[in-house]
Amino acid sequence: MILFTAATLKELKHFCSSMSGFDFQGSTGHCTWRKHTRMLLLTCGVGPLNAALGLQSFLAAHPQTDMVINTGIAGSYDLDLLPIGSVCVASAEIWPEYGIRTGPGPADPELLGFPLSGQDTSPVWNRIELDPRQMSNYGDVFNETLPAGWTAAASLTVAGVSGTLEVARELAGTFNAGMENMEGFALAYVCRNKKIPFSEVRTISNLAGSRNSRDWNFRDAFSSLARLPAQMFKNG
Ligand SMILES: O=C(O)c1cccc(C(=O)CC[C@H]2O[C@@H](n3cnc4c(=O)[nH]cnc43)[C@H](O)[C@@H]2O)c1
């Protein structure tokens, strides 16, 4: 079974709105069929804590979950690379807030000395690599190539959203990241620990760091969210 998750019901609703043969009843845990694929839905809540707790308990109740796909809206660090309404598929998820902070920039987890997990084998410090083509491993369900117009980029997950262009620029530059969100790393971390494939596809709603309404467009981001299934699923 494939689980689709988003922070809010509104995001999940838009994502599902144009799916043919899909009966969206709006409740977390609702299970439905799309053609021959069984799909689960989870509204995981906003922010990394809600996301990790929400997914962890959902997976405990639904151990048959084969793959998790996170969707929703996100901020762009570079509107030339990722304009408003465009689609970004994460090539890595990074949590820049974990570690020791010695200045205004991001924290350094290796200075702290405690990886989040995998002490002895493969430590997770603050970064999880993701395969932007993960979905193509499910070639009977999803298209085998990345849909035209999707851009792969590293994604930062923050509890404290960038509130100035300077903060956003510093984060983006340090990690060579394209988008900012509040849940992705937490979801990727839960999936990594449980060895469940994870993919993240978001649509851009704003310029990260800007609080100017000119740099925001929820309407375009939500319309774009509704077009994702037609682009990712085999035969629309
Ligand atoms: O009021 C603000 O300045 C503000 C800035 C960024 C995001 C918000 C939200 O209320 C949306 C949070 C929600 O959407 C995702 N999201 C969208 N854009 C961003 C962003 O630039 N930075 C971080 N998260 C973003 C996020 O995943 C949340 O689920 C308000």
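Not measured: the values here are computed from a predicted model.

1. A look at the overall build of the protein
The number of helices and strands found in the protein is 6 helices and 9 strands. Taken over C-alpha atoms, the radius of gyration comes to 17 Å for the protein, in line with the 18 Å a tight globule of 236 residues would show. Dimensions of the protein along its principal axes, counting C-alpha atoms only, are 50 × 45 × 30 Å. By sequence separation, contacts in the protein at least 24 residues apart represent 73% of the contacts at least 6 residues apart. Positive and negative side-chain charges of the protein, numbering 18 and 21 respectively, have mean locations separated by a distance of 7 Å.

2. Observations concerning the site of the ligand
Lining the immediate environment of the ligand, one finds 15 residues, of which E180, M182, E183, N206 and R211 sit closest. Contact between the ligand and G75: a nitrogen atom at 3.2 Å from a main-chain N or O atom of the residue. Interatomic distance of 2.8 Å between a side-chain N/O atom of N206 and a nitrogen atom of the ligand. Protein coverage of the free-state accessible area of the ligand, which is 540 Å², stands at 79%. If you list the elements that add at least two residues to the shell around the ligand, you get β4 (67-76), β8 (177-181) and β9 (198-207).

3. Re the pairing of strand β7 (residues 150-157)
Buried residues dominate β7, accounting for 6 of its 8 residues. Relative to β7, strand β5 (residues 87-94) is paired through 7 bridges, and the arrangement is parallel. Looking at the pairing, V87 lines up with W150 of β7. Examined bridge by bridge, β7 and β8 share 4 bridges and lie parallel to one another. From the neighbouring strand, L156 faces β8, where its bridge partner is E180.

4. Topic: the packing of aromatic side chains
Following the criterion strictly, the structure yields 8 aromatic pairs and no others. Site record: aromatic cluster; members linked through ring pairs are F4, F15, F142 and F233. Looking at K10, its charged tip hangs above the ring of F222, at a distance of 4.6 Å from the centre.

5. What to know about the nonpolar core
Counting residues in each nonpolar core, the largest one holds 29 residues, and the members touching the most others are L3, L55, V68, I128, M179 and F198. Elements supplying a minimum of two residues to this core: β3 (37-43), α2 (48-61), β4, β5, α5 (184-194) and β9. In terms of residue count, α5 provides more of this core than any other element does, 7 residues in total. Counting 25 residues, the second largest nonpolar core, distinct from the first, contains A6, V87, L225 and F233.

6. What about the side chain of E200?
On the secondary structure map, E200 appears in strand β9. For E200, a relative accessible area of 0% corresponds to the buried category. Polar contacts involving the side chain of E200 include one to the side chain of R202, which spans 2.8 Å. Setting aside residues no more than four positions away along its own chain, E200 makes contact with N70, C88, V89, A90, E93, S155, M179, N181 and G184.

7. A short note on the pattern of salt bridges
For the structure shown, the criterion picks out 4 salt bridges. Across the pair K234 and E144 runs a salt bridge whose closest N-O atoms are separated by 2.7 Å. With K234 in the segment after α6 (218-232) and E144 in the loop between β6 (127-129) and β7, this residue pair connects regions lying 90 residues apart in the sequence. Here K234 falls in the partly exposed class, since its relative accessible area comes to 28%. Linked by salt bridges that have partners in common, E183, E200 and R202 make up one network.

8. Considering the confidence of the model for the protein
The predicted coordinates of low-pLDDT regions are not to be read in fine detail. For the protein, the mean per-residue pLDDT works out to 93, and 92% of the residues sit at or above 70. Confidence estimates for the predicted assembly give a pTM of 0.95 and an ipTM of 0.95.

9. Some details on the environment of T43
Within the secondary structure layout, T43 lies in strand β3. Assessed through its relative accessible area of 25%, T43 is described here as partly exposed. Along the chain, T43 and T5 lie 38 residues apart, while their C-alpha atoms are 5.8 Å from each other.

Criteria and cut-off values
- Residues numbered from 1 in each chain as written.
- Predicted model: local features only at pLDDT ≥ 70, side-chain atom pairs only at ≥ 80, totals over all residues.
- Heavy atoms only, no water.
- Helix = DSSP H or I, 4+ residues; strand = E, 2+ residues; numbered from the N terminus.
- Rg over C-alpha atoms; globule rule 2.2 N^0.38 Å.
- Contact = heavy atoms within 4.5 Å.
- Lys, Arg positive; Asp, Glu negative; His and termini not counted.
- Charge placed at Lys NZ, Arg CZ, Asp CG, Glu CD.
- Near = heavy atom within 4 Å.
- Polar contact = N/O pair within 3.5 Å; in protein donor to acceptor, adjacent residues only side chain to side chain.
- Areas by Shrake-Rupley, 256 points an atom, 1.4 Å probe, with all protein chains shown as cover.
- Buried < 20%, exposed > 50% of the residue type's maximum accessible area, 1.4 Å probe, protein only.
- Pairing = 2+ DSSP bridges.
- Phe/Tyr/Trp six-rings, centres within 6.5 Å; stacked < 30°, edge-to-face > 60°.
- Lys NZ or Arg CZ within 6 Å of the ring centre and 35° of its normal.
- Core = buried A, V, L, I, M, F, W, Y, C linked by side-chain atoms within 4.5 Å.
- Salt bridge = Lys/Arg side-chain N within 4 Å of Asp/Glu carboxyl O.
- pLDDT = per-residue confidence, 0-100.

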